[in-house]
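# Close look at the chain arrangement
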Amino acid sequence: MKLSRPARRALLVLHLVSAGAWIGIDVMVAVLVLTGRFAADVALRSLAYRALAAFVTLPMLVSGLVCLATGVVLGLGTKWGLVRYWWVAVKLVLNVVLCALILVVLQPGMDEVGAYGEDLLTGNPPAGRVSDLFFPPAVSLTCLTFATVLSVAKPWGRRQRTPRPAKAA
Ligand code: HEM
């Protein structure tokens with residue numbers, strides 16, 4: 001499959017917008033987690049945790065999946081291939097792992113985060129229930145920044161060299 005020029009451009013725009021949205025959502029998650037942990041005002045802390053629980057995982061998952069789908073089509077429809085070059089193959093693995101972590105680790109804990117936010121308003125919530133919330137934005141932002149650097153630098157070349165056809169005698 002070879003993409004036409006306009007199709008490639010349109011997909012690349014969508015790819016960049018979804019990757020940018022994903023990074024932006026991660027920054028917002030980091031801000032909410034820090035607000036929930038360190039703000040002086042208990043009402044604001046509660047709001048931050050409830051906003052995290054209510055709004056974050058779906059847009060994050062959608063932008064991750066759009067980034068994955070457009071990346072896969074761009075890979076298949078251009079000279080880059082899906083696993084032909086290391087920089088694309090590594091991004092593929094990172095994208096799949098990050099989307100799986102959203103579904104398997106982040107989403108299932110969100111009810112508890114929302115409940116913690118509500119408990120903050122009513123009394124003393126048990127300690128430690130949300131203490132590991134720093135990891136998701138830290139891990140995700142590190143991986144997405146690395147993926148962006150890979151996309152721009154395109155390092156490490158091809159995964160395997162295709163053997164040249166033998167010359168006719
Ligand atoms: C992990 C999140 C990802 C981020 C942050 C990201 C970021 C980017 C960026 C910034 C570019 C533009 C590079 C340039 O034009 O110089 C790009 C291009 C590209 N990306 Fe991704 N990407 C991600 C995931 C993926 C995935 C999963 C694939 C495929 C398996 C992929 C395949 C590609 C390809 C093939 C291009 C080149 C498109 C072209 O030049 O026509 N990307 N990506």
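Placed above this text is the structure.
Described in the following lines is the structure provided in the data block. No experiment lies behind these values; they were computed from the predicted model shown.

This part is about the coordination of the iron atom of the ligand. Summarising the metal site, the iron atom of the ligand is bound by the protein donors His-15 (NE2) and Lys-91 (NZ), whose distances to it range over 1.9 to 2.1 Å. Because the angles between the 6 donor atoms bound to the iron atom of the ligand fall within 85 to 176°, the donor set is best described as octahedral. Residue His-15 is located in helix H1 (residues 5–38), and its partner Lys-91 is located in helix H4 (residues 86–106); the two are separated by 76 residues in the primary sequence. With a relative accessible area of 12%, His-15 lands in the buried category.

Scanning all chains against the criterion turns up 4 aromatic pairs. Centroid distance Trp-80 to Trp-87: 5.0 Å. Interplanar angle 75°. Geometry classified as edge-to-face. Neither residue differs from the other here; Trp-80 and Trp-87 are each classed as buried. Chaining the aromatic ring pairs together yields one cluster made of Trp-80, Tyr-85 and Trp-87. The cationic tip of Lys-79 hangs over the ring face of Trp-80; the distance from NZ or CZ to the ring centre is 4.4 Å.

In this structure, Trp-22, Val-29, Tyr-49, Leu-52, Met-60, Val-113 and Leu-133 are the most contacted members of the largest nonpolar core, which totals 27 residues. Listing elements by their share of this core, those giving two or more residues are H1, helix H2 (42–55), helix H3 (57–77), H4, helix H5 (110–122) and helix H6 (135–153). Once you skip the residues sitting within four places of it in the chain, Leu-133 turns out to touch Val-33, Tyr-49, Leu-52, Met-110 and Val-113. Of all hydrophobic cores here, the second largest spans 5 residues; its members include Trp-80, Tyr-85, Val-88 and Leu-150.

About the cut-offs
Residues numbered from 1 in each chain as written. Predicted model: local features only at pLDDT ≥ 70, side-chain atom pairs only at ≥ 80, totals over all residues. Heavy atoms only, no water. Donors = N, O, S within 2.8 Å, 3.2 Å for Na, K, Ca; no water. Tetrahedral: all angles 85-135°; square planar, octahedral: opposite > 155°, others 65-115°. Helix = DSSP H or I, 4+ residues; strand = E, 2+ residues; numbered from the N terminus. Buried < 20%, exposed > 50% of the residue type's maximum accessible area, 1.4 Å probe, protein only. Phe/Tyr/Trp six-rings, centres within 6.5 Å; stacked < 30°, edge-to-face > 60°. Lys NZ or Arg CZ within 6 Å of the ring centre and 35° of its normal. Core = buried A, V, L, I, M, F, W, Y, C linked by side-chain atoms within 4.5 Å. Contact = heavy atoms within 4.5 Å.

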